[in-house]
Amino acid sequence: MRSPEARPVTMIDPEVGGGHPTFLLAQEEALQNRGFETQQLSAREVANDMVSRLYWNGTQLVYRIGGMGGPLTWAYEEFREWQAQHGGGLPRIVKDRLREALPNNEGTIIISTHALTAVKPEGAKLVLLQGDNFGGKGYAVENADLIAVPEDSSRDELIAYGIPPEKIAVVGFFVPAGIQDSLLLPVRMGQLNRGEALHLGIYFTGALPRPHVSFVYHELIPKLSERMKKDGSLKITVYTFTNDFVGEEFLRLGRELRLRTSRNDDDQADESWNLRVIYAKTVREAILRSIAAASDPKMPISVLVTMLGERYSWTKFFAVFPLPPINRKNAGQNTRVAIQRGVVPLPSTTENLVLVLQGDLKNLKDRMEKAQTIPTNGAENTAGIIANFTHR
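(A) Spotlight on the overall build of the protein. The helix and strand tally for the protein stands at 15 helices and twelve strands. Taken across its 392 residues, the protein has 55% of its residues classed as buried. Considering only intrachain contacts with a sequence separation of at least 6, the fraction spanning at least 24 residues in the protein is 66%. For the protein, the exposed area adds up to about 17,100 Å²; of that, 51% sits on carbon and sulfur atoms.

Right under this line is the structure:
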């Protein structure tokens, strides 16, 4: 039910990768629980002019190129650093077009997760969500009324970039409610206790980094396939975001290895699969499917293989094996923090996952217990702050 005092909230999806729309989903859930009316808009579709469409399509392409590894990733990071420091005429034009297309009623609240969509129509309030420990200079948005960050270190970084402390709120990480289901934690711990009936999730990031896909396809799944066939004690779900081509390649691999495969739970009644691939045509549907698979009450994922970006905070809910970070800034810093805090092993351990899963899993449980102190109520806390905005 909508609160009579709650003003409508407009949420802008940059449609770049999977992390930003996941933050938005978590925040949307928290706001709706407080009675807010929300609308989520695609930056590419709202400013529906030729320049904007070309820009957003190009941004998506550059993002995917950044996941290819090697010199291409280096060039991508250098470009992002230059863009954060110098901006440029084209981004300013695109942001102006986006601002003109958004509601400009007095008191409108705009929520963004990306510097490129952090625009503020006249009379509106702008809230910027930073989902990672370290966001970089791109999150130092001076016209924001509030920048919600997960930890004190995130706040200190923005202050160093010149953002006034009063504009920054340390709220915790933005994690969708489905991932946080507390009833599933004992089930996951039970899987790790027994060391059998394990459900392993391999969740690629939106860019589907080529080195990660290659490692999982050519090494990890073939090595694990014998255990998967032998006694059915291991199931694997591979999440390929919106890339149906890569998803179908993993299904083909499964058939070659004589595994029982499933696509997106096509047959809900048949749970005999040991390799499942999930993807979707739209970003939102892909994220919702990934959450549903991870939080399946019958067989939730307990061990997760992924690159640590926004999923750093997921170490509170899964035993996480990190894939080597492709970029130095976002994933690299999040991975270093997670290793220092003892909530994940070194990425090199992931290469020996077969041996780890065959041995004593107590170490995985210990890491999950350490991660229980990670604050994951960022969306709820931010919703409370936004509620205060509406009463001013």
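(B) Representation of the packing of helix H8 (residues 210-230) against helix H9 (residues 244-256) in the model. Close contact between H8 and H9 brings their axes to 11 Å; oriented N to C, the two are set at 10°. Classified by the angle between their axes, H8 and H9 sit roughly parallel to one another. Here Val213, Val216, Tyr217 and Ile221 of H8 come into contact with H9, specifically with Val246, Glu249, Phe250, Arg252 and Leu253. Residues that form the contact of H8 with H9 fall into these classes: seven nonpolar, no polar and two charged.

(C) Examining the packing of aromatic side chains more closely. Under the defined criterion, the tally for this structure stands at seven aromatic pairs. On the numbers, 5.3 Å between centres and 55° between planes, the contact of Phe173 with Tyr312 is tilted. Within this pair, whereas Phe173 is found in the loop between strand E6 (168-170) and helix H7 (185-194), its partner Tyr312 is found in the loop between strand E11 (303-306) and strand E12 (319-322), the two being separated by 139 residues in sequence. The two residues Phe173 and Tyr312 agree in class, both being buried. Centre to centre, the rings of Trp314 and Phe318 are 5.9 Å apart; their planes meet at 35°, and the pair counts as tilted. Members of the aromatic cluster, each reached through a chain of ring pairs, are Tyr203, Tyr239 and Phe241. Over the ring of Trp273 we find Lys235, and its NZ or CZ is 4.5 Å from the ring centre. A cation sits over an aromatic face here: Arg311 above Trp314, 5.5 Å from the ring centre.

(D) Inspection of the confidence of the model for the protein at higher detail. Per-residue pLDDT for the protein has a mean of 84; in total, 85% of the residues score no lower than 70. Here residues 1-5 scores under 50 on pLDDT; set against residues more than four positions off or in separate chains, the count is eight contacts.

(E) Structural view of the sheet that holds strand E2 (residues 38-42). The six strands are arranged E2-E1-E3-E4-E5-E6 in an open sheet whose pairing can be described as parallel. At either margin of the open sheet sits one strand with a lone partner, and together these are E2 and E6. Strand-to-strand, the axes of this sheet are offset by a mean angle of 25°, without reference to chain direction. Of the pairings in the sheet, the one linking strand E1 (residues 9-13) to E2 comprises five bridges and is parallel in character. Note that in E2 the partner of Thr10 across the bridge is Gln39. Its contacts with the sheet put helix H6 (residues 152-160) on strand E5 (146-149) and E6, and the angle it makes with E6 is roughly 165°. Its contacts with the sheet put helix H15 (residues 378-389) on strand E3 (109-112), strand E4 (125-129), E5 and E6, and the angle it makes with E4 is roughly 175°.

(F) Examining the pattern of salt bridges more closely. Throughout the structure, instances matching the rule amount to nine salt bridges. Of the charged contacts in the structure, one is a salt bridge between Arg284 and Glu28, with a shortest N-O distance of 2.8 Å. With Arg284 in helix H10 (residues 283-294) and Glu28 in helix H1 (residues 19-33), this pair connects stretches of sequence that are 256 residues apart. A residue is classified by how much of its surface remains accessible, and Arg284, at 39% relative accessible area, is partly exposed.

(G) Quick peek at helix H14 (residues 362-370). Those residues of H14 not exposed but buried are Leu364, Lys365 and Met368. Viewed end-on, H14 has its buried residues packed into an arc of 100°, placing them on one side of the element. On its buried face, H14 sits against H7 and E12.

Cut-off values and rules
Residues numbered from 1 in each chain as written. Predicted model: local features only at pLDDT ≥ 70, side-chain atom pairs only at ≥ 80, totals over all residues. Heavy atoms only, no water. Helix = DSSP H or I, 4+ residues; strand = E, 2+ residues; numbered from the N terminus. Buried < 20%, exposed > 50% of the residue type's maximum accessible area, 1.4 Å probe, protein only. Contact = heavy atoms within 4.5 Å. Areas by Shrake-Rupley, 256 points an atom, 1.4 Å probe, with all protein chains shown as cover. Axes fitted to C-alpha atoms, helices over the stretch in contact; angles between N-to-C directions. Parallel < 35°, antiparallel > 145°, perpendicular 65-115°, else oblique. Nonpolar A, V, L, I, M, F, W, Y, C, P; charged D, E, K, R; others polar. Phe/Tyr/Trp six-rings, centres within 6.5 Å; stacked < 30°, edge-to-face > 60°. Lys NZ or Arg CZ within 6 Å of the ring centre and 35° of its normal. pLDDT = per-residue confidence, 0-100. Pairing = 2+ DSSP bridges. Salt bridge = Lys/Arg side-chain N within 4 Å of Asp/Glu carboxyl O. Arc of directions from axis to C-beta.

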